[in-house]
There are 2 protein chains.
Amino acid sequence: MPFPRRRIRSALGRASDRRVEGEPEGRPRSSEVVRGFRFGTGRERTRKVKAIECRASERDGTVQIRWDRSERSSAEFPFVWLRDNCLCPSCFVPSAQARLVLMESLDPDVRPRSVHLDGEGERLEIAWEDGHRSSYPAWWLEERDFAPESREARLRERTNDKEPWGREARVPAYGYADVMERDDVLERWLLDLDTLGVALVVDAPRRTGECAALAERIAFLTRTNYGREFTVRAKADPSNAAYTGAKLGLHLDLPYMSHMPGVQFLHCIAAAEEGGKSQLCDGFYVAETLKERDPDSYRILTELPVDYLDVGSDHVPYHLVHRAPIIQSVSIPLSFSSRKEAALSTSPHRDRLDEKGKPYRMNYNDQVRDSCFNVPLESVKPLYVALKAFNTLAYDNCIGFYLKPGDVMTFDNRRVLHGREAYEVKKSGERHLEGGYVDWDYIYSRIRLLRTINFPLSS
Amino acid sequence: MPFPRRRIRSALGRASDRRVEGEPEGRPRSSEVVRGFRFGTGRERTRKVKAIECRASERDGTVQIRWDRSERSSAEFPFVWLRDNCLCPSCFVPSAQARLVLMESLDPDVRPRSVHLDGEGERLEIAWEDGHRSSYPAWWLEERDFAPESREARLRERTNDKEPWGREARVPAYGYADVMERDDVLERWLLDLDTLGVALVVDAPRRTGECAALAERIAFLTRTNYGREFTVRAKADPSNAAYTGAKLGLHLDLPYMSHMPGVQFLHCIAAAEEGGKSQLCDGFYVAETLKERDPDSYRILTELPVDYLDVGSDHVPYHLVHRAPIIQSVSIPLSFSSRKEAALSTSPHRDRLDEKGKPYRMNYNDQVRDSCFNVPLESVKPLYVALKAFNTLAYDNCIGFYLKPGDVMTFDNRRVLHGREAYEVKKSGERHLEGGYVDWDYIYSRIRLLRTINFPLSS
């Protein structure tokens, strides 16, 4: 079976250039530990920044610090923020990295009685007017600098730009054993899922349970009404159109849920003897292209809510309904903080504070689009014209390939549409896929764990 | 222990007045069945509407039907919509309630060659220009009427208005055995969770596993980084501030996730000998009140994104981050369809198309608010002033009570804040709660299943 679009990445790509192998430890050894869990900022911290001067400004309500360096040589920290983030054992639980300071006992006008640096300039010591004492490592403060360029850098390093792709795309492939055993490969796979929205894991064992095994490298599979895993096979009285031999148009799974699962795994255990070719296309790329070429259709698909419905019984009985435009992009008005800063949200897949109104979730699925349309009569034909324009562009820009037994197709289920050609249903050697979903929260969590330098320092 | 705020509902309340007991069947008996799964419209359907006249209008591109009744005596259905929703076995899978018609083969300009009614006026029969034939039950068409009042009625019956509450609220209570055995009680409990955001289930067995048992009446527990269930007990090196004896300020769980679990169950297996009083308040009510009394603070809390962070290891290792305003309300511009109609979204807890910008998710949790603030320096003190104003209003409007062993506190985790007073940690008879989460998608699904008249009709 030909598979010309596969390639193996030779370089680390977007991975961080400093990484510590292995899991961060679950619990710190000492209750005095404040872990340096800050995504990607390990380099500065190892510079061991020192403070050379500090003073409290009553007028500004801040402690001002001068660092032992030329660039960004000073920083300011508000009194109330310092008090709220006291690291002493009665204010903070290090093992939970959680605050015990209660808002009811916090005074927004709190003031220090005295501020000073320890002998080496490694800590800021504060005595508060009520007698409470706080002590902050210099590196900890420096990581929390309020300067606009520092804030922007922190937010930028949390997000990766999406890389849209069309019909010329090649899907990156990773060996199953490498993903299971090597943290650098795991990280590259997950970064591809974030930026490209698709990657293949190849040479997985040809047995059930491998989606769950892959998910456990991240966190766990998300259970849905179709179960923890689902089996794609031609069935009698199928609960889903996927469980037939029919052609499936390009679509995203489970758009009838407000919480649409993030990433989908489809593991080919046995391929069809004939047919069943897989197709994938980048919904974000299609949306962008549609916006340029057919702005009327784009407008309809971003504005007109469409109803999705799934009713039946599989893992549990269900009657799921969701109503949303095909191309979902959200803008939240943000007059208070800068819109540019707000756009740097950490959650590109939901509630994105995105000034450009970029799509963050696609809801295209003709199979489960409700026959009940809650749109005005005169919008019906324009909606079909727009759906057809979208579908045509999607097929014009899709890639097609045959899944081989052992291949696990992994893709962003809110972005990348998948489909398959019809195949002949036979009794022997039937086509058999197993699927599952993993939520984006846990994928980003795993990327952060892989990229975090676990750098315990006693407070 | 006094518990004055509990009351037992005596009436059905908001439940539908027609209901069929028991689960809808998982699979229809015949592949010809088109199930009448339409939330709450059973009454009209049993009227057995008949068509008395039909005609195709080339000019309008619709089939126009006259019904055998005086009110809403006619309806129009677009040609392309009719073709897309053909119910024949090659276009539709009844057991999956899924469409097999592919968008690529659908012609938006499709036209019928002939339309007619069957002898009794119970079906519309269409022969298309390409020779394909479709047949639609009259009741099925009438349920999908495009008239504005019909569309609005369909959307309205899908949503329940929220009922905000303050310190005078009484929490409805349901017996565990009733919830487990009676579908009418199950439905009332879930409707209270939707409208009030809180209810007690009392007299549950004092053992672990009961959150999962309750969840299985709905669907299943949502697994998180803290496990499928989590145990609230004072622990050494706690992974969460809840696992200490400390006072916990009013908060919502897991705001560091883009997908924040929907409803929380907290089952009291053993109470503290002293202390540990529970508190609850309605975040939507607090937000509304704040908007009236302190619009500046309200504006800050709806506009300024706040970072949440949870790092550690429990059920799995995690480094979870989410950035969102404390009071989250979303508006999606909807110039194409009517904004009023768009506001009638089915998913009040996410992506709500709400013209009024009402809150749909609260993110207040001082324990896990990141010490790293990605906001301008000059916004820091105003943010604390606003947080304090919110917190003060929350305590002014909270209800407090002691959980008894066997009580399961159930509440909307995106709306209702919970907290507890400190308690003394003792070795014997220690306080022991078990908790879990259920997603809103599955709660609404269960409500629909309970309220749907399963009314199989052959197509």
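Everything below is about the structure shown above.
Because the structure is predicted, anything quoted here is derived from the model rather than measured.

**A look at the overall build of chain A**
Thought 1: The helix and strand tally for chain A stands at twelve helices and 25 strands.
Thought 2: Residue burial in chain A is summarised as follows: out of 459 residues, 66% are buried.
Thought 3: Split by element, the accessible area of chain A, about 16300 Å² in all, is 47% carbon and sulfur.

**Quick notes on the sheet that holds strand S23 (residues 416–420) of chain A**
Residues and elements named next belong to chain A.
Thought 1: With respect to topology, four strands assemble into an open sheet ordered S14-S23-S16-S21, the strand pairing being antiparallel. The open sheet has two free edges, formed respectively by strand S14 (248–251) and strand S21 (399–401), since each of these has just one partner strand. Adjacent strand axes in the sheet meet at a mean angle of 15°, parallel and antiparallel pairs treated alike.
Thought 2: Note that strand S16 (residues 278–282) and S21 share three bridges and pair antiparallel. Bridge pairing links Leu280 to Ile399 in S21.
Thought 3: Against the sheet, helix H8 (residues 283–293) makes contact with S16 and S23, and its axis sits at roughly 55° relative to S16, the strand it touches most.
Thought 4: Here helix H11 (residues 377–396) sits on the sheet and contacts S14, S16 and S23; the angle it forms with S14, its principal contact strand, is near 95°.

**Focus on the environment of Ala324 of chain A**
Residues and elements named next belong to chain A.
Thought 1: You can see Ala324 is positioned in strand S18 (residues 317–324).
Thought 2: When its relative accessible area of 1% is taken as the criterion, Ala324 is described as buried.
Thought 3: In sequence terms Ala324 and Tyr256 are 68 residues apart; their C-alpha atoms lie 9.0 Å from each other.
Thought 4: Once residues lying within four places of it in the same chain are set aside, the contact partners of Ala324 are Leu304, Pro305, Val306 and Asn363.

**Some details on the pattern of salt bridges**
Thought 1: This model, assessed by the stated rule, comprises 50 salt bridges over all chains.
Thought 2: A salt bridge links Arg123 of chain A to Glu125 of chain A; its shortest N-O distance comes to 4.0 Å.
Thought 3: For Arg123 of chain A, a relative accessible area of 17% puts it in the buried group.
Thought 4: Where Arg228 of chain B meets Glu229 of chain B, a salt bridge forms, and the shortest distance between an N and an O atom there is 2.9 Å.
Thought 5: Its relative accessible area of 34% is what places Arg228 of chain B among the partly exposed residues.
Thought 6: On the basis of relative accessibility, which here comes to 22%, the residue Glu229 of chain B falls in the partly exposed class.

**Quick notes on unusual backbone geometry**
Residue and element names in this part refer to chain B.
Thought 1: One non-glycine residue, Arg72, adopts positive backbone phi at about 35°.
Thought 2: Here the phi dihedral of Leu254 falls at roughly 60°; this positive angle occurs in a residue that is not glycine.
Thought 3: Along the chain, Leu254 falls in the loop between strand S14 (248–251) and strand S15 (263–270).
Thought 4: A residue is classified by how much of its surface remains accessible, and Leu254, at 3% relative accessible area, is buried.

**With respect to the packing of aromatic side chains**
Thought 1: For the structure shown, the criterion picks out 27 aromatic pairs over all chains.
Thought 2: Ring plane angle 65° and centroid distance 6.3 Å describe the contact between Phe77 of chain A and Phe146 of chain A, whose orientation is recorded as edge-to-face. With Phe77 of chain A in strand S5 (residues 74–78) and Phe146 of chain A in the loop between helix H3 (138–143) and helix H4 (148–156), this residue pair connects regions lying 69 residues apart in the sequence.
Thought 3: When the ring of Phe146 of chain A is compared with that of Phe373 of chain B, the centres are 6.5 Å apart and the planes differ by 75°; the resulting orientation is edge-to-face. With Phe146 of chain A in the loop between H3 and H4 and Phe373 of chain B in the loop between strand S20 (361–362) and helix H11 (377–396), the pair connects residues from two separate chains. Of the two residues, Phe146 of chain A and Phe373 of chain B, neither departs from the other in class, the shared state being buried.
Thought 4: Note that Lys162 of chain B overlies the ring of Trp440 of chain B, its terminal NZ or CZ placed 5.8 Å from the centroid.

**Observations concerning the sheet that holds strand S8 (residues 112–117) of chain A**
Residues and elements named next belong to chain A.
Thought 1: Strand order in this open sheet of three strands is S8-S9-S10, and the pairing throughout is antiparallel. If you trace the sheet from one side to the other, it starts and ends with S8 and strand S10 (133–137), each paired once. Strand-to-strand twist across the sheet, computed as the mean angle between neighbouring axes with direction ignored, equals 15°.

**Description of the packing of helix H9 (residues 295–303) of chain A against H11 of chain A**
Residue and element names in this part refer to chain A.
Thought 1: Between H9 and H11, whose axes approach to 9 Å, the crossing angle comes to 105°. The angle between H9 and H11 falls in the class roughly perpendicular. Counted together, Ser297, Ile300 and Leu301 of H9 and Pro382, Leu383, Val385, Ala386, Leu387, Ala389 and Phe390 of H11 form the full contact between these two elements.
Thought 2: Its residues assigned to classes, the contact of H9 with H11 comprises nine nonpolar, one polar and no charged.

**Overview of H8 of chain A**
Residue and element names in this part refer to chain A.
Thought 1: Three or more residues of H8 are buried, namely Gly283, Phe284, Val286, Ala287, Thr289 and Leu290.
Thought 2: Residues of H8 that are buried in the fold lie against S16, H9, strand S19 (327–328), strand S20 (361–362), H11 and S23.
Thought 3: Of the residues that open H8, the one with a side-chain oxygen 3.0 Å from the backbone nitrogen of Phe284 is Asp282.

**A look at H9 of chain A**
Thought 1: Among the residues making up H9 of chain A, those that are buried are Ser297, Tyr298, Ile300, Leu301, Thr302 and Glu303 of chain A.
Thought 2: Here the buried face of H9 of chain A lies against H8, S19 and H11 of chain A.

**Considering the pairing of strand S12 (residues 198–202) of chain B**
Residue and element names in this part refer to chain B.
Thought 1: Where burial is concerned, most of S12 is hidden: five out of the five residues are buried.
Thought 2: Side-chain alternation along S12 places Val198, Leu200 and Val202 on one buried face and Ala199 and Val201 on a second face that is also buried.
Thought 3: Pairing analysis gives four bridges linking S12 to strand S22 (residues 408–412), with the strands arranged antiparallel. In the strand pairing of S22, Val198 is matched with Phe411.

**Side note on the state of the cysteines**
Residue and element names in this part refer to chain B.
Thought 1: Overall, the coordinates contain zero disulfides over all chains when judged by the stated rule.
Thought 2: Of all cysteine sulfurs in the structure, the one in Cys91 sits closest to Cys88, which takes part in no disulfide; the separation is 3.7 Å.
Thought 3: Residue classification places Cys88 among the buried residues on the basis of a relative accessible area of 17%.

**So, the nonpolar core**
Thought 1: Counting residues in hydrophobic clusters, the biggest one holds 133 residues, and the most contacted among them are Leu124 and Trp189 of chain A.
Thought 2: The biggest single contributor to this core is H11 of chain B, with ten residues.
Thought 3: Contact partners of Trp189 of chain A, with chain neighbours within four places excluded, come to Tyr174, Val179, Ala199, Val201, Leu214, Ile218, Phe265 and Thr410 of chain A.
Thought 4: Within the second largest apolar cluster, 131 residues are counted, among which are Val101, Trp189, Leu190 and Val263 of chain B.

**Concerning the packing of helix H8 (residues 283–293) of chain B against H11 of chain B**
Residue and element names in this part refer to chain B.
Thought 1: Contact geometry for H8 and H11: axes closest at 10 Å, N-to-C directions at 120°. By the criterion of interaxial angle, the relationship of H8 to H11 is oblique. Here H8 and H11 pass one another in a crossing that is right-handed. Here Val286, Thr289, Leu290 and Arg293 of H8 come into contact with H11, specifically with Ala389, Phe390, Leu393 and Ala394.

Calculation criteria
Residues numbered from 1 in each chain as written. Chains lettered and ligands numbered in written order. Predicted model: local features only at pLDDT ≥ 70, side-chain atom pairs only at ≥ 80, totals over all residues. Heavy atoms only, no water. Helix = DSSP H or I, 4+ residues; strand = E, 2+ residues; numbered from the N terminus. Buried < 20%, exposed > 50% of the residue type's maximum accessible area, 1.4 Å probe, protein only. Areas by Shrake-Rupley, 256 points an atom, 1.4 Å probe, with all protein chains shown as cover. Pairing = 2+ DSSP bridges. Axes fitted to C-alpha atoms, helices over the stretch in contact; angles between N-to-C directions. Contact = heavy atoms within 4.5 Å. Salt bridge = Lys/Arg side-chain N within 4 Å of Asp/Glu carboxyl O. Phe/Tyr/Trp six-rings, centres within 6.5 Å; stacked < 30°, edge-to-face > 60°. Lys NZ or Arg CZ within 6 Å of the ring centre and 35° of its normal. Parallel < 35°, antiparallel > 145°, perpendicular 65-115°, else oblique. Nonpolar A, V, L, I, M, F, W, Y, C, P; charged D, E, K, R; others polar. Polar contact = N/O pair within 3.5 Å; in protein donor to acceptor, adjacent residues only side chain to side chain. Disulfide = S-S within 2.5 Å. Core = buried A, V, L, I, M, F, W, Y, C linked by side-chain atoms within 4.5 Å. Left-handed = near helix turned anticlockwise from the far one by under 90°.

By themselves these figures say nothing about function.
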